[in-house]
Amino acid sequence: MATDLIWKSGKLEKTYNLNRLRTTGIFRAGPILRFPDIHSINYDNKPSSMIDTRELTKSFRDKKRGEIRAVAGISLRASPGQIYGLLGANGAGKTTMLRMLATLLKPTSGTAIVAGYDVVQEPEKVRANVGFLAASTALYGRLTAREMIGYFGRLNGLDDGAIKTRIQVLADQLEMHEFLDRRCEKFSTGMKQKTSIARTLIHDPAVMIFDEPTLGLDVMTARAIVKFVRECKARGKTVIYSTHVMSEVEKLCDTIGVIHDGRLLTEGSLSELRERHGEQDMEEIFVKVVEAKS
Ligand SMILES: Nc1ncnc2c1ncn2[C@@H]1O[C@H](COP(=O)(O)OP(=O)(O)OP(=O)(O)O)[C@@H](O)[C@H]1O
Ligand SMILES: [Mg+2]
């Protein structure tokens, strides 16, 4: 994988070859932890996909419902600088899919390679390179946003200097300065969500997984988060983004995958989907694709 890291310290910018870091063992030990001031990863040399799933499947056993195939053989890929939108109705399997990518659930069968590591074989390495924003992320009410984010920074092995720098960057990007030193217990839904995003991404992971990040947010806050996700893409991050908001996938996603009953029914860029399904509007495409399978 011929990929370079750009390491920014003030004005100094150095470029490292990942292959060399790997052979010295530094990369394997976790580049984010060792180099907390990594600014971005330059993927101009185009490495292979950062997310690569093959026939990924998750079944649950439920006493009343029997076996539930929440994810039934999904194969998808996402590359650096790409936003992959997973679009599906309630119960489609989005959260289950994302939880497997984030190593929180073990697949029943199939494989998932995330940031070059197998989610089952090397879950710690996957976690070091992934930030997962779950649909409901709890915050400790007694802590301020800064304390909360810092706490997760320490859990991720960052030192105080790196935490301070990262909080500054994230608070700038997410427009959090006004409430950064206030306790989480009195936060609005939007403030909570911004704090959750910041704590999820404190270690500046290469892969960002967002499960319905704008759910329940007002228009302005939702826009701020969409803008933030776009900036992550511009910095070469791989983003996988689940939603059932059509306008968001239209505006944001490079690739859209429609998921229904645990299966990927169609996948492509918005223009590819428009052409394939003969509809302009994403909602019409979605309904057409889902109804054809029902
Ligand atoms: N732990 C579990 N045990 C049993 N069934 C589960 C479990 N988790 C999810 N399921 C089932 O798997 C299916 C997919 O659920 P999932 O939460 O992945 O859907 P989703 O697309 O995220 O839906 P939503 O939009 O409502 O968040 C559903 O039928 C759900 O009831
Ligand atoms: Mg869900």
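Throughout what follows, the structure given in this document is the object of discussion. Bear in mind the structure is a predicted one, so any value in this text is a computation, not a measurement.

Cut-offs used in this document
- Within any chain, residue numbers begin from 1 and follow the written order of that chain's sequence.
- Following the order in which they are written, the chains are lettered starting with A and the ligands numbered starting with 1.
- Only residues with pLDDT of at least 70 get local features here, since the model is predicted, and only at 80 or more are side-chain atom pairs given and counted; chain-wide, interface and lining totals rely on the full set of residues.
- Residues are classed as near a molecule or strand if the C-beta position derived from their backbone is within 6 Å of it.
- The numbering of helices and of strands both runs from the N terminus, where a helix is a DSSP run of H or I of at least 4 residues and a strand a run of E of at least 2.
- Gly falls in the polar group here, along with every residue not listed as nonpolar (Ala, Val, Leu, Ile, Met, Phe, Trp, Tyr, Cys, Pro) or charged (Asp, Glu, Lys, Arg).
- At least two bridges found by DSSP between two strands is the condition for calling them paired.
- Each residue is classed by its C-beta neighbour count within 10 Å, where at least 20 other C-beta atoms makes it buried, 12 or fewer makes it exposed, and intermediate counts make it partly exposed; the C-beta atoms are placed from backbone geometry.
- Throughout, a pair of residues is in contact if the C-beta atoms placed from their backbones lie within 7 Å.

In this section: the site of ligand 1. Around ligand 1 lies a shell formed by Phe60, Asp62, Ile68, Ala70, Gly88, Asn90, Gly91, Ala92, Gly93, Lys94, Thr95 and Thr96. Listing elements by their share of the shell around ligand 1, those giving two or more residues are β4 (51-62), β5 (66-78) and α3 (94-101). No other element matches the three residues that α3 contributes to the shell around ligand 1. Across the shell around ligand 1, the residue classes tally to four nonpolar, six polar and two charged.

Looking now at the sheet that holds β4. A sheet is described by the order of its strands in space; here four strands give the open sequence β5-β4-β7-β8, paired in antiparallel fashion. What marks the edges here is a single partner per strand, and that holds for β5 and β8 (117-118). In the sheet, β4 pairs with β5 via 10 bridges, with the strands oriented antiparallel. Its bridge partner lying in β5, Leu56 is registered against Ile74.

Taking every second residue as pointing to the same face, both faces of strand β9 (residues 130-133) are buried, with Val130 and Phe132 on one and Gly131 and Leu133 on the other. In the sheet, β9 pairs with strand β10 (residues 207-211) via four bridges, with the strands oriented parallel. Across the sheet, residue Val130 finds its bridge partner in β10, namely Val207.

Along the chain, the position of Phe210 falls in strand β10. Given 27 C-beta atoms within 10 Å, Phe210 falls into the buried group. Spatially, the C-alpha atoms of Phe210 and Val229 are 9.3 Å apart, while their sequence positions differ by 19 residues. Apart from residues no more than four positions distant in its own chain, Phe210 is found in contact with Leu133, Val229, Val239 and Tyr241.

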